[in-house]
Amino acid sequence: MNELIKLYTNHYGSEPETVIPLAGSGSARRYFRLSGAPGSAIGTIGPDCRENETFVALAEAFGAAGANVPQVLEVAPDSGCYLQQDLGDTSLFSMLHSAEGEAMVAETMRALPVLQLAAQVTDEMLYPVKAMSGEHVMADLNYFRYCFLKAVGVEVDEELILRDFRTIVNMVESTPAALQGLMLRDCQSRNVMVHEGKPLFIDFQSARRGPLLYDVASFLWQARAKFSADFRSRMTDVYFEALSGKRKVSRENLEESLRLMVIIRTLQVLGAYGLRGITQRKAHFLQSIPAALGNIRELLTYPLLNQLPEMRKALEAVLEIKSLRQPEPAEGRLLVSVGSFSYKKGYPENFTGNGGGFMFDCRAMHNPGRYDEYKPLTGRDRRVIEFLEERGEVQKFLEGAMSLVAPAVERYSQRGFTHLQVGFGCTGGRHRSVYCAEHLAQMLREKFSEEKVEILVTHREQNIEYRL
């Protein structure tokens, strides 16, 4: 931090009056806004000095090519941190569906080839990867396989999936020279800032040589951007026109390469969602998973998938997983998800990203599942209901749960929240937990109007889901 202050002082002639930490992303870099009377700047502290040097070198090269990137103001002698132009707080993602959002996306597509074809960028600047080789494509595909498919429980035939992966690698390596250049790697609307009426690219230190259409796929198929197919087509036209002014390219080759890159990018992103979201529980990545399912549905319409049978089978299996499909409430309502689960199979997933809710442990109550006559039944069956209610303990348990949940529902609804999760767990997720989920859901239904609160009941181990 002291080094950043020195950089600011060296550039502006006085120390900053305020230093405010900014929200980070998935990397280990830390960002700060340093402000004072002379001006404001963004300070970056990165643990990888070589990566910092790459960003600085690329920013200078892009700037020399006339590309839209922030200006680097000062760099520490050891490259541990640097100061760059403050572009404000408006990311393109925040204005995507506003009146001016479409025009700004179009301007971004026009500006993208300037970076991708910048002659000032040399291979020596690129780090840690200079080009997207077949090995790197295979690594991204395995990232999807191990970090996403395994995380959601989809099994694949190892030999067949590797055969599909090799087919994809061969296709990438056959990309026409006219459609190769510098790819930014993580080109998406969150990495574009809108400053003084124009889009500026940030976070490009992972740039490498490779297929140009990877960036178009990355941007237009960003899951949470939720672009329509028509909008994507129109923006692809904008990009094609801009690229055609610099390279002689075939529209047929462009569309073929784009579809392949959409597949690769979607799988790579799902790998990140699996690792960062499901495994590491980072909210932004969890929230993105339901939106990404729409991209999977689109992939399955591509004729190219017919050449990848095991991949098609795996993607179809992903779409069958109910827990990945995050239901959305009607506008202005709170969706309360009340469900049962088995502790043996772990806590239920929460893809809203807010992490809010309650998990109640029903295992202290007497278990009907210990008796043969009740084993095939569930907590929805009359005989199990009578077994639990005649002892009296389940009523007191639910009263306690309701005393906690009801005030939260009230406050969540008042504050405009959209989701609240309530789970009941027991040994098998069949008797006690099912009973409690059913009855608490009914208690909430009786207390809160349908115009205010929607209730979704889910019994994970019985594969039952319905709205109350």
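Our structure is the block above this text.
The present account deals with the structure reproduced in this document. As the structure is a computational prediction, the values presented were derived from the model and not from experiment.

1. Section: the overall build of the protein chain
For step 1, the next point in the chain: A count of helices and strands for the protein chain gives 13 helices and 14 strands.
For step 2, the next point in the chain: Summarising its shape, the C-alpha atoms of the protein chain cover approximately 80 × 60 × 40 Å along the three principal directions.
For step 3, the next point in the chain: Taking all 468 residues of the protein chain together, 53% fall into the buried category.
For step 4, the next point in the chain: Taking contacts inside the protein chain between residues at least 6 apart in sequence as the whole, the part at least 24 apart equals 73%.
For step 5, the next point in the chain: Surface exposure of the protein chain reaches about 21000 Å², of which carbon and sulfur atoms provide 48%.
For step 6, the next point in the chain: On the protein chain, the mean spot of the 54 positive side-chain charges and the mean spot of the 58 negative ones are 4 Å from each other.

2. Side note on the packing of helix α3 (residues 101-116) against helix α7 (residues 229-244)
For step 1, the next point in the chain: Between α3 and α7, whose axes approach to 9 Å, the crossing angle comes to 35°. Here α3 and α7 pass one another in a crossing that is right-handed. Contact residues: α3 offers E102, V105, A106, M109, R110, L112, P113 and Q116, while α7 offers F231, R234, M235, V238, Y239, A242 and L243.
For step 2, the next point in the chain: Split by residue class, the contact of α3 with α7 holds 11 nonpolar, one polar and three charged.

3. A closer look at the sheet that holds strand β10 (residues 334-342)
For step 1, the next point in the chain: Taken in spatial order, the five strands make up an open sheet running β11-β12-β10-β13-β14, and their pairing is mixed. Bordering the open sheet on either side are β11 (357-361) and β14 (464-467), each of which pairs with just one other strand. Taken over all neighbouring pairs, the strand axes of this sheet differ in orientation by 15° on average, direction set aside.
For step 2, the next point in the chain: Sheet topology places β10 next to strand β13 (residues 453-459); seven bridges connect them, and they run parallel.

4. Here's the deal with the environment of F341
For step 1, the next point in the chain: Within the secondary structure, F341 is located in strand β10.
For step 2, the next point in the chain: By relative accessible area, F341 is classed as buried at 0%.
For step 3, the next point in the chain: It is 6.6 Å that separates the C-alpha atoms of F341 and H459, two residues lying 118 residues apart in sequence.
For step 4, the next point in the chain: Those residues in contact with F341 that lie beyond four places of it in its chain are G346, Y347, P348, M359, G423, F424, G425, C426, G429, S433, R460 and E461.

5. Thoughts on the packing of aromatic side chains
For step 1, the next point in the chain: Taken as a whole, this structure holds 19 aromatic pairs when the rule is applied.
For step 2, the next point in the chain: Centre to centre, the rings of F144 and F148 are 6.0 Å apart; their planes meet at 15°, and the pair counts as stacked. In this pair, F144 and F148 are both assigned in helix α4 (residues 134-152), four residues apart and thus about one turn of the helix distant. For the pair F144 and F148, a shared accessibility class is recorded, and that class is buried.
For step 3, the next point in the chain: Their ring planes at 45° and their centres at 5.7 Å tell us that F341 and Y347 sit as a pair that is tilted.
For step 4, the next point in the chain: A connected cluster of aromatic rings, assembled from ring pairs, spans F55, F62, Y82 and F204.
For step 5, the next point in the chain: For the cation-ring pair, R190 lies above F93, with the distance from its terminal atom to the ring centre recorded as 3.9 Å.

6. Description of empty space enclosed by the protein
For step 1, the next point in the chain: Inspection of every chain in the model, using the stated rule, returns one cavity of 30 Å³ or more.
For step 2, the next point in the chain: The space that makes up the largest cavity amounts to roughly 30 Å³.
For step 3, the next point in the chain: Along its surface, the largest cavity is lined by L184, D186, C187, Q188, N191, F201, I202, D203 and F204.
For step 4, the next point in the chain: In terms of residue class, the lining of the largest cavity is made up of five nonpolar, two polar and two charged.

7. As for the layout of surface pockets
For step 1, the next point in the chain: There is about 740 Å³ of room inside the second largest pocket.
For step 2, the next point in the chain: For the lining of the second largest pocket, the secondary structure elements donating two or more residues are α4, β10, β12 (419-426), β13 and β14.
For step 3, the next point in the chain: Across the lining of the second largest pocket, the residue classes break down as 16 nonpolar, 15 polar and six charged.

8. Some words on the state of the cysteines
For step 1, the next point in the chain: Enumeration according to the criterion identifies zero disulfides in this entry.
For step 2, the next point in the chain: C49 provides the cysteine sulfur closest to C81, a residue in no disulfide bond, and the two sulfurs are 8.9 Å apart.
For step 3, the next point in the chain: Judged by relative accessible area, C81 falls into the buried class, the value being 4%.

About the criteria used
Residues numbered from 1 in each chain as written. Predicted model: local features only at pLDDT ≥ 70, side-chain atom pairs only at ≥ 80, totals over all residues. Heavy atoms only, no water. Helix = DSSP H or I, 4+ residues; strand = E, 2+ residues; numbered from the N terminus. Buried < 20%, exposed > 50% of the residue type's maximum accessible area, 1.4 Å probe, protein only. Contact = heavy atoms within 4.5 Å. Areas by Shrake-Rupley, 256 points an atom, 1.4 Å probe, with all protein chains shown as cover. Lys, Arg positive; Asp, Glu negative; His and termini not counted. Charge placed at Lys NZ, Arg CZ, Asp CG, Glu CD. Axes fitted to C-alpha atoms, helices over the stretch in contact; angles between N-to-C directions. Left-handed = near helix turned anticlockwise from the far one by under 90°. Nonpolar A, V, L, I, M, F, W, Y, C, P; charged D, E, K, R; others polar. Pairing = 2+ DSSP bridges. Phe/Tyr/Trp six-rings, centres within 6.5 Å; stacked < 30°, edge-to-face > 60°. Lys NZ or Arg CZ within 6 Å of the ring centre and 35° of its normal. 1 Å grid on protein atoms, 1.4 Å probe; cavity = no way out; pocket = protein on both sides within 12 Å on 5 of 7 lines; lining within 4 Å. Points joined across faces, edges and corners; volume = space filled by probe spheres on them. Disulfide = S-S within 2.5 Å.

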